[in-house]
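Residue-level structure breakdown
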Amino acid sequence: MENLFSPHSNGVDLNLEELLYFRNQSVKWLPPARSLWSQLLGHHQSRQLGRGMDFSESRQYQAGDDIRAIDWRVTARTGKPHTKLFSEEREKPLVLYLDLSPSMLFGSQLMLKSVLMAQMASLIAWLTVAQQDRVGAVIDTGDELVELKPMGRQRGPLTILQTLVEMHSKLLSQPRAQTTHGFQPALQALRRLAPKGGEIVFISDFVRLTEQDTQALSQLRQHNSVRFVHISDPLEYGSTHYRGNEKVSDGKRTQWLNFSSKKARQQIELAFNNKQQGLKTLAHKTGISFCALNSDKPLLNQISG
């Protein structure tokens, strides 16, 4: 029988060997191959993560300069037309938001959502440093934040992955937090950690994200490229072979659900679809790209065409 996991993986525990597997897999999405994001989003995306043109300086206007590049502020101050000069920025760090809150430590079929999140984080981290960029992370357990400054070469991914493995093991072995904070502390940390012009990738189930976070996300988006990777489990949209009553919780409320009732399963699916559509709408309004992954399928099966 084909192994559905990466080597060394059991779908519940995390280990470094499991995550290092995705280092070799990242080569599939390096230029000139199709980018990881175009594969996930189904249309063309830039093959370079977080690269662009940076303002360098202003100089006096010369014949032939593009009038769209006129620096009106300097022109007004000096009374003489000036042109903005730009240089290509070859390094733009990428910062990952990695959700390790209680709702992510759940899986009804193939693997925990947190395991899929960690595998995706590994793939993105190795892809980033392979393109000569640095990678950092904010790891959020719901009651604790760990900030890892962007670093290059092997040090960047290895620091993130080793920290994920240690924190994941600790969280699985201790009682779950009764209360969790929202996204605000993490959004503040990302503003500190992510340099202007860099990229921020959120990998989460977004259970704790609220409409009140919209303004902070918009502020991040003003200076950074931002992506959402939504992680979900089939049980969250009512897909299960179980046909009985089960107590479920979203971390705040607990209730009994009757999975033997087709109507109840349809209501669960409708609620999930409405919530995901709300997340997509938020992403669209704030100029954030959106893609989704499901914990009942191996990562590489979901992102390989």
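Structure first, text after, so check above.
Because the structure is a prediction, the values reported are computed rather than measured.

Remarks on the sheet that holds strand β5 (residues 145-151)
An order of β5-β4-β3-β6-β7-β10 is seen for the 6 strands of this open sheet, with the pairing classed as mixed. Unpaired on one side and paired on the other, β5 and β10 (289-294) mark the two borders of the sheet. Here the average twist between neighbouring strands, direction ignored, is 15°. The pairing of strand β7 (residues 225-232) with β10 spans 6 bridges and is parallel.

Focus on the packing of aromatic side chains
Tallying each qualifying case throughout the model produces 7 aromatic pairs. Between Y97 and F202, the ring centres sit 5.3 Å apart and the planes meet at 40°, which makes this aromatic pair tilted. Of this pair, Y97 sits in strand β3 (residues 94-99) while F202 sits in strand β6 (residues 199-204); the two residues are 105 residues apart in sequence, bridging distant segments of the chain. Here the two residues Y97 and F202 agree in accessibility, since each one is buried. Aromatic pair F183 and F202: ring centres 6.4 Å apart, planes at 15°, arrangement stacked. Within this pair, whereas F183 is found in the loop between α5 (155-173) and α6 (184-193), its partner F202 is found in strand β6, the two being separated by 19 residues in sequence. The exposure class assigned to F183 is buried, which follows from its relative accessible area of 1%. Relative accessible area serves as the criterion here: at 1%, F202 is assigned to the buried category.

Quick word on the nonpolar core
Counting residues in hydrophobic clusters, the biggest one holds 50 residues, and the most contacted among them are L96, L98 and I203. Considering each element in turn, this core owes the most residues, 12 residues, to helix α4 (residues 113-130). Filtering out sequence-adjacent residues up to four positions away, L98 remains in contact with M117, A121, A137, V138, I139, D140, I160, L164 and I203. Core analysis: the second largest hydrophobic core is formed by 24 residues, L190, A194, F202 and L279 among them.

As for helix α7 (residues 214-223)
Given 3.6 residues per turn, any residue in an α-helix points the same way as the ones three and four places further on. Those residues of α7 lying buried are T214, A216, L217 and L220. For α7, the arc enclosing every buried residue in end-on projection is 160°, short of the 170-degree limit, so these residues lie on one face. Counted as exposed and oriented over 90 degrees from the buried face of α7: Q215 and Q222.

Regarding the environment of Q132
Structurally, Q132 can be placed in the loop between α4 and β4 (135-140). The exposure class of Q132 is exposed, given its relative accessible area of 61%. Linking Q132 and G152, residues 20 residues apart in sequence, is a C-alpha distance of 7.2 Å.

Considering the environment of R155
Secondary-structure assignment places R155 in helix α5. As for R155 and R134, which are separated by 21 residues in sequence, their C-alpha atoms are 9.3 Å apart.

Re the packing of α6 against α7
At their nearest, the axes of α6 and α7 sit 10 Å apart, and the two run at 15° to each other. Our classification of the angle between α6 and α7 gives roughly parallel. Judged by the sense of rotation from one axis to the other, the crossing of α6 with α7 is left-handed. Of α7, the residues touching α6 (which contributes Q184, L187, L190 and R191) are A216, L217, Q219 and L220. Considering only residue class, the contact of α6 with α7 consists of 5 nonpolar, 2 polar and 1 charged.

Description of the pattern of salt bridges
Between side chains of opposite charge, pairing is possible as soon as their charged atoms come close. Applying the stated criterion across every chain yields a total of 6 salt bridges. The salt bridge partner of D99 is R208, with a shortest N-O separation of 3.2 Å. One end of the pair, D99, is in strand β3; the other, R208, is in the loop between β6 and α7, and 109 residues separate them in sequence. Summarising the burial analysis for this pair, D99 and R208 share the class buried. Measuring nitrogen to oxygen at the nearest pair gives 2.4 Å for the salt bridge that ties E199 to R227. Of the two residues, E199 sits in strand β6 while R227 sits in strand β7, which places them 28 residues apart along the sequence. Comparing E199 with R227, the two get one shared label, buried. Beyond isolated ion pairs, a larger network of salt bridges with shared partners links D99, D140 and R208.

Considering α6
For α6, every residue scored as buried is listed here: A186, L187, A189, L190 and L193. The buried side chains of α6 occupy one side of the element, clustering within an arc of 160° when seen end-on. On its buried face, α6 sits against β3, β4, β5, β6 and α7.

Remarks on the pairing of β4
The buried fraction of β4 amounts to 6 of the 6 residues, a majority that puts the element mostly inside the structure. Of the two faces of β4, the one carrying V135, A137 and I139 and the one carrying G136, V138 and D140 are both buried. Handedness of the crossover joining β3 and β4 through α4: right-handed. Pairing geometry for β4 and β5, over 5 bridges, is antiparallel. If you follow V135 over to β5, its bridge partner there is M151. In sequence, β4 turns back onto β5 through a hairpin of 4 residues, with G142 there showing a positive phi of about 100°.

Reading the values: the criteria
Residues numbered from 1 in each chain as written. Predicted model: local features only at pLDDT ≥ 70, side-chain atom pairs only at ≥ 80, totals over all residues. Heavy atoms only, no water. Pairing = 2+ DSSP bridges. Helix = DSSP H or I, 4+ residues; strand = E, 2+ residues; numbered from the N terminus. Axes fitted to C-alpha atoms, helices over the stretch in contact; angles between N-to-C directions. Phe/Tyr/Trp six-rings, centres within 6.5 Å; stacked < 30°, edge-to-face > 60°. Buried < 20%, exposed > 50% of the residue type's maximum accessible area, 1.4 Å probe, protein only. Core = buried A, V, L, I, M, F, W, Y, C linked by side-chain atoms within 4.5 Å. Contact = heavy atoms within 4.5 Å. Arc of directions from axis to C-beta. Parallel < 35°, antiparallel > 145°, perpendicular 65-115°, else oblique. Left-handed = near helix turned anticlockwise from the far one by under 90°. Nonpolar A, V, L, I, M, F, W, Y, C, P; charged D, E, K, R; others polar. Salt bridge = Lys/Arg side-chain N within 4 Å of Asp/Glu carboxyl O. Right-handed = clockwise from strand over helix to strand, strands pointing away.

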